[in-house]
Amino acid sequence: VQLVESGGGLVQPGGSLRLSCVASGFTFSDYGMSWFRQAPGKERELVATITFSGAYTNYADSVKGRFTISRDNAKNSLHLQMSSLKPEDTAVYYCNANTVARRRPWGQGTQVTVSS
């Protein structure tokens, strides 16, 4: 069972990034999935969720209108398109299942740094 996040980097305020998560070892298409993030000194927080089919999505108020979550079940992949990035979006971003009971081991995450 593995979750591998990628796509992070250093970007200026107002910029964009697209994060990806590739899953293996479980039936990805059966799982609602989410993106989470953890900033230094803070607890991990939920950023965005998507149902197993991709039909429904939901976002934290802090990213609504700026981030878009999507998935490709044929490729066992989850994505987060981030735009209009702000310094407060700086964090390590992780993907995992929506519900605690179905969580897989956390991956290494991908660092997003928003700074001029």
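Just above sits the structure.
This structure is a prediction, so every number in the text was calculated from the model and none was measured.

**Re unusual backbone geometry**
Thinking step 1. Within the chain, Asn76 stands out as a residue other than glycine whose phi angle is a positive 50°.
Thinking step 2. A positive phi angle is found at Ser84, which is not glycine, with a value near 50°.

**So, the sheet that holds strand E5 (residues 45-50)**
Thinking step 1. Spatial ordering of the open sheet is given by E2-E10-E9-E4-E5-E6, a layout of 6 strands whose pairing is mixed. Strands with a single pairing partner mark the edges of an open sheet, and in this sheet they are strand E2 (9-11) and strand E6 (57-59). Each strand axis lies, on average, 25° off the axis of its neighbour in the sheet, ignoring direction.
Thinking step 2. Sheet topology places strand E9 (residues 91-97) next to strand E10 (residues 110-114); 3 bridges connect them, and they run antiparallel. Bridging across to E10, Ala91 finds its partner in Val112.

**Some words on the state of the cysteines**
Thinking step 1. This model, assessed by the stated rule, comprises 1 disulfide.
Thinking step 2. There is a disulfide in this structure between Cys21 and Cys95, and the S-S distance comes to 1.9 Å. The disulfide joining Cys21 to Cys95 has a torsion of about 55° about its S-S bond and is therefore right-handed. Taken together, the positions of Cys21 in strand E3 (residues 17-24) and Cys95 in strand E9 put the pair 74 residues apart, joining distant regions of the chain.

**Here we look at the sheet that holds strand E8 (residues 77-82)**
Thinking step 1. Within the open sheet, the 4 strands sit side by side as E1-E3-E8-E7. Their pairing is antiparallel. Looking at which strands have only one partner, the edges of the open sheet turn out to be strand E1 (2-6) and strand E7 (67-72). Strand-to-strand twist across the sheet, computed as the mean angle between neighbouring axes with direction ignored, equals 15°.
Thinking step 2. Pairing geometry for E3 and E8, over 6 bridges, is antiparallel.

**Thoughts on the pattern of salt bridges**
Thinking step 1. A full pass over the atoms with the stated rule returns 4 salt bridges.
Thinking step 2. Across the salt bridge formed by Arg37 and Glu45, the nearest N and O atoms sit 2.6 Å from each other.
Thinking step 3. Given a relative accessible area of 5%, Arg37 falls into the buried group.
Thinking step 4. In this structure, Asp89 engages Arg37 in a salt bridge whose closest nitrogen and oxygen atoms are separated by 3.0 Å. Here Arg37 lies in strand E4 (residues 33-38) and Asp89 lies in the loop between E8 and E9, a separation of 52 residues in the sequence. The pair formed by Asp89 and Arg37 is uniform in burial state, with each residue classed as buried.
Thinking step 5. Among the ionic contacts, a cluster of salt bridges with common partners joins Arg37, Glu45, Arg66 and Asp89.

**Thoughts on the pairing of E3**
Thinking step 1. Here 5 bridges tie E1 to E3, and the two strands are oriented antiparallel to one another. Residue pairing in the sheet places Leu3 in a bridge with Ala23 of E3.

Procedures and definitions
Residues numbered from 1 in each chain as written. Predicted model: local features only at pLDDT ≥ 70, side-chain atom pairs only at ≥ 80, totals over all residues. Heavy atoms only, no water. Pairing = 2+ DSSP bridges. Helix = DSSP H or I, 4+ residues; strand = E, 2+ residues; numbered from the N terminus. Axes fitted to C-alpha atoms, helices over the stretch in contact; angles between N-to-C directions. Disulfide = S-S within 2.5 Å. Salt bridge = Lys/Arg side-chain N within 4 Å of Asp/Glu carboxyl O. Buried < 20%, exposed > 50% of the residue type's maximum accessible area, 1.4 Å probe, protein only.

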